[in-house]
Amino acid sequence: VLAALEANFRDRIWVVRLAALDMLAAKQGAKAEAVVNAAAISDPDPMVKQMAFYYSRRLLAPTPR
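Residues numbered from 1 in each chain as written. Predicted model: local features only at pLDDT ≥ 70, side-chain atom pairs only at ≥ 80, totals over all residues. Heavy atoms only, no water.

1. Thoughts on the packing of aromatic side chains
Counted by the stated rule, this structure contains one aromatic pair. With a centroid separation of 5.4 Å and 55° between ring planes, the pair formed by tyrosine 54 and tyrosine 55 is classed as tilted. Residue classification places tyrosine 55 among the buried residues on the basis of a relative accessible area of 5%. (Phe/Tyr/Trp six-rings, centres within 6.5 Å; stacked < 30°, edge-to-face > 60°. Buried < 20%, exposed > 50% of the residue type's maximum accessible area, 1.4 Å probe, protein only.)

Okay, structure coming up:
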């Protein structure tokens, strides 16, 4: 699954990259931090960048106890 998601991060269609980002963040959590941060900085689509930024904030936010 992770290998397929990695391939989808290079897809030319933004919605495929967005879905891959969503699945990776849900499946890997904080382990996906590097990939999510990279998408937040370098993805060509503003929607994917914005969602990646949201996930980076959520993945790094302290969990309530």
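2. Examining the packing of helix 2 (residues 14–28) against helix 4 (residues 46–60)
Packing of helix 2 against helix 4 brings their axes to within 9 Å, and their N-to-C directions diverge by 5°. Classified by the interaxial angle, the pair formed by helix 2 and helix 4 is roughly parallel. Where helix 2 approaches helix 4, its residues Trp14, Arg17, Leu18, Leu21, Asp22 and Ala25 are matched on the opposing element by Met47, Val48, Met51, Ala52, Tyr55 and Leu59. Residues belonging to the contact of helix 2 with helix 4 are distributed by class as follows: ten nonpolar, no polar and two charged. (Axes fitted to C-alpha atoms, helices over the stretch in contact; angles between N-to-C directions. Helix = DSSP H or I, 4+ residues; strand = E, 2+ residues; numbered from the N terminus. Parallel < 35°, antiparallel > 145°, perpendicular 65-115°, else oblique. Contact = heavy atoms within 4.5 Å. Nonpolar A, V, L, I, M, F, W, Y, C, P; charged D, E, K, R; others polar.)

3. Quick look at the nonpolar core
For soluble globular proteins, nonpolar side chains are generally found buried alongside one another. In this structure, Leu5, Phe9, Ala20, Leu21, Leu24, Ala25, Ala32, Val36, Ala39, Ala52, Tyr55 and Leu59 together form the largest nonpolar core, which totals twelve residues. Every residue in contact with alanine 39, bar those within four places of it in the chain, is listed here: Leu21, Lys49 and Ala52. (Core = buried A, V, L, I, M, F, W, Y, C linked by side-chain atoms within 4.5 Å.)

4. Observations regarding the side chain of arginine 17
Residue placement: arginine 17 occurs in helix 2. Separated by 2.8 Å, the side chains of arginine 17 and aspartate 43 make a polar contact. Excluding its chain neighbours within four sequence positions, the residues that come into contact with arginine 17 are Asn8, Phe9, Asp11, Arg12, Asp43, Pro44, Asp45 and Val48. (Polar contact = N/O pair within 3.5 Å; in protein donor to acceptor, adjacent residues only side chain to side chain.)

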